[in-house]
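In case you want the letters, here they are:
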Amino acid sequence: MMEIQKQPTLIFMFGATGDLARRKLYPAFYQLYQKNQDFAVIGLARRPHTHESYRRLISDTLPEQSGERKGFLDRFYYLSLDIEHPENFGVLKELSDRLDKQYLLQGNRIFYLSLAPRFFGLAAKNLKNAGLTETSGWKHLIIEKPFGHDFMSAEKLNNDLLQVFDEKEIYRIDHYLGKEMVQNIEALRFANPIFESVWNHRYISNVQITLSETLGVGERASYYDQTGALLDMVQNHIMQMIALTAMEPPSRFETEEIRYEKVKVIQSIRPVSAEKVSDQVVRGQYIGGMMSDGTEVCAYRDEEKIDKNSNTETFVAARFFIDNYRWSGVPFYIRTGKRMTAKSTEIVIQFKDNPKNPYFYHLNDAEPNLLVIHVQPDEGLSLKLNVKQFNETGNTMPISMKFCNNCANVGNTPDAYERLLADCLKGDSTNFTRWDEVAYSWSLMDSIVASWSEKQLPLDRYEAGSMGPVSANELLAKDGFHWWPLTRTE
Ligand SMILES: NC(=O)C1=CN([C@@H]2O[C@H](COP(=O)(O)OP(=O)(O)OC[C@H]3O[C@@H](n4cnc5c(N)ncnc54)[C@H](OP(=O)(O)O)[C@@H]3O)[C@@H](O)[C@H]2O)C=CC1
Ligand SMILES: O=C1O[C@H](COP(=O)(O)O)[C@@H](O)[C@H](O)[C@H]1O
């Protein structure tokens, strides 16, 4: 059961009519309301709405089978406001003061900026100038990704926000940090000595992280075409997953201690030089093909609103090294892309083989032990081991021990946004990213982007419905490894 701490709060929902708010945030608010979280929301965007029409918009985003909605919807208010017109913020102040009193919200405020990042700094400044950030309670700022487009822009954005909010008040969302099995990495490692004792270069040969998607770019074409897979997925989600997989045990399980250990990992990832880039990174873009459900889909360049000559990568694979004692020489392979075979996120830990032994030659074909952390769609673990073949004295055969959190009747896992909102409401920023994590991650991305453009790294084609370009296989093959096929826990 997710822990809920009742903190009456007024939520300023910027981008209230947008895709993210409708698909993810309102359903998450509803779940929190069902768990007695106490809040009122002011929806903010330019287009006109009455409170009633806004409530209808929200109602349409809720699952059909959801129960009583009126009490929930009545807590939503709407104000048409253009971020670029500061004079509107005065009206917002009046409305928020009124709701604060009406719902006894104790001056606690969340400003959720579900907006294009170019508005983040301006929104913060206008909130401050209108006196909205002076409050008798606490104030938290939630910002969406992308947090800049390179280190310089991220730093400028951060400085703009720091004019108004303290670092401790800024909640940078990375929704992968709200996923059950991403949160489980720490428990798996630090509550199980059988793993932690072998969690290093002596026993692990390589780590493989896959975030594959079947969807194309959908309605976010213009954003995606300027961003690409590296900055959309690697800069944030994949860096966070590497950090949690590779970090040292924190001295205490407290927010800053955990973040400090994550920073050390990201900081230790070797930058990708122009000389090494073609050896370490693969860029791909999908051409037309058939998805596993039989649907024919077009090439990326033929997608609506995508430039016919676009060179944006829709797939990226890379081999990273973490330059510290624990991970010396262990490659971390990552890959992510749109229009791949399956929607799946998993981390595979491949353990080293036993030394080959002439006296036990029949054991020499044993497959590597694999520990797989299944993040989605299944939420669970599997452990591949070797056992003697049944009723034979000779060879071994691989077996898999599996645990699935969401397959059986363990209960519905809360959505990532629900968890993260609940954390922000109770003031726990552990599963949000601190500025230095973001900064080091951008520096690494900058090294890749600069090396790409210096060496004109080719864009390899892959068929929609495949697992990416062949060159992504070669990335591992030259080290004597291969990508392990995606697996399910059922
Ligand atoms: N959608 C997704 O799946 C994800 C989105 N994100 C991030 O979340 C943020 C929002 O994304 P998304 O919802 O997709 O974007 P949308 O384009 O769908 O929505 C943008 C919102 O901003 C409002 N808006 C635009 N201009 C102004 C303005 N000048 N003043 C006030 N409001 C304005 C729009 O309303 P109106 O036009 O009425 O003003 C709309 O509500 C972005 O940072 C995005 O990168 C992150 C991860 C996933
Ligand atoms: O941040 C993003 O994530 C989604 C994938 O999220 P998931 O929870 O469905 O795995 C991706 O589609 C999007 O391009 C990216 O911006």
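Residues numbered from 1 in each chain as written. Chains lettered and ligands numbered in written order. Predicted model: local features only at pLDDT ≥ 70, side-chain atom pairs only at ≥ 80, totals over all residues. Heavy atoms only, no water.

For the protein chain, an unreviewed UniProt entry supplies the name Glucose-6-phosphate 1-dehydrogenase and the organism Sporolactobacillus putidus. The UniProt entry for the protein chain carries the following text under Function (unreviewed entry): "Catalyzes the oxidation of glucose 6-phosphate to 6-phosphogluconolactone." (UniProt positions renumbered as here; feature names shortened; annotations may be inferred.)

Draft legend 1. Looking closely at the nonpolar core. Among the nonpolar cores identified, the biggest contains 112 residues, and Phe14, Leu92, Ile242 and Phe320 are the most heavily contacted of them. Per-element accounting of this core gives the leading share, 15 residues, to helix 9 (residues 221-246). Residues in contact with Leu92, not counting those within four places in the same chain, are Phe12, Phe14, Ile42, Leu44, Leu79, Leu81, Leu127 and Leu132. (Core = buried A, V, L, I, M, F, W, Y, C linked by side-chain atoms within 4.5 Å. Buried < 20%, exposed > 50% of the residue type's maximum accessible area, 1.4 Å probe, protein only. Helix = DSSP H or I, 4+ residues; strand = E, 2+ residues; numbered from the N terminus. Contact = heavy atoms within 4.5 Å.)

Draft legend 2. Region of interest: the site of ligand 2. With respect to spatial proximity, the complete set of residues near ligand 2 consists of Lys145, His175, Tyr176, Lys179, Glu213, Arg220, Asp232, Met233, His237, Lys338, Lys343 and Gln376. Between ligand 2 and Tyr176 there is a distance of 2.4 Å, counted from an oxygen atom to a side-chain nitrogen or oxygen. Here Glu213 contributes a side-chain N or O atom positioned 2.6 Å from an oxygen atom of ligand 2. Of the residues forming the shell around ligand 2, the biggest block, 3 residues, is contributed by helix 9. Of the residues that constitute the shell around ligand 2, the class distribution is 2 nonpolar, 3 polar and 7 charged. (Near = heavy atom within 4 Å. Polar contact = N/O pair within 3.5 Å; in protein donor to acceptor, adjacent residues only side chain to side chain. Nonpolar A, V, L, I, M, F, W, Y, C, P; charged D, E, K, R; others polar.)

Draft legend 3. Examining a nonpolar patch on the surface more closely. Together, Tyr359, Phe360 and Leu363 make up a nonpolar patch on the protein surface, roughly 370 Å² of accessible area in all. Residue placement: Tyr359 occurs in the loop between strand 13 (344-351) and strand 14 (370-376). Of the residues examined, Tyr359 reaches a relative accessible area of 70% and is grouped as exposed. (Patch = residues over 30% accessible without salt bridge, like charges linked within 9 Å, V, L, I, M, F, W, Y side chains within 5 Å. Areas by Shrake-Rupley, 256 points an atom, 1.4 Å probe, with all protein chains shown as cover. Salt bridge = Lys/Arg side-chain N within 4 Å of Asp/Glu carboxyl O.)

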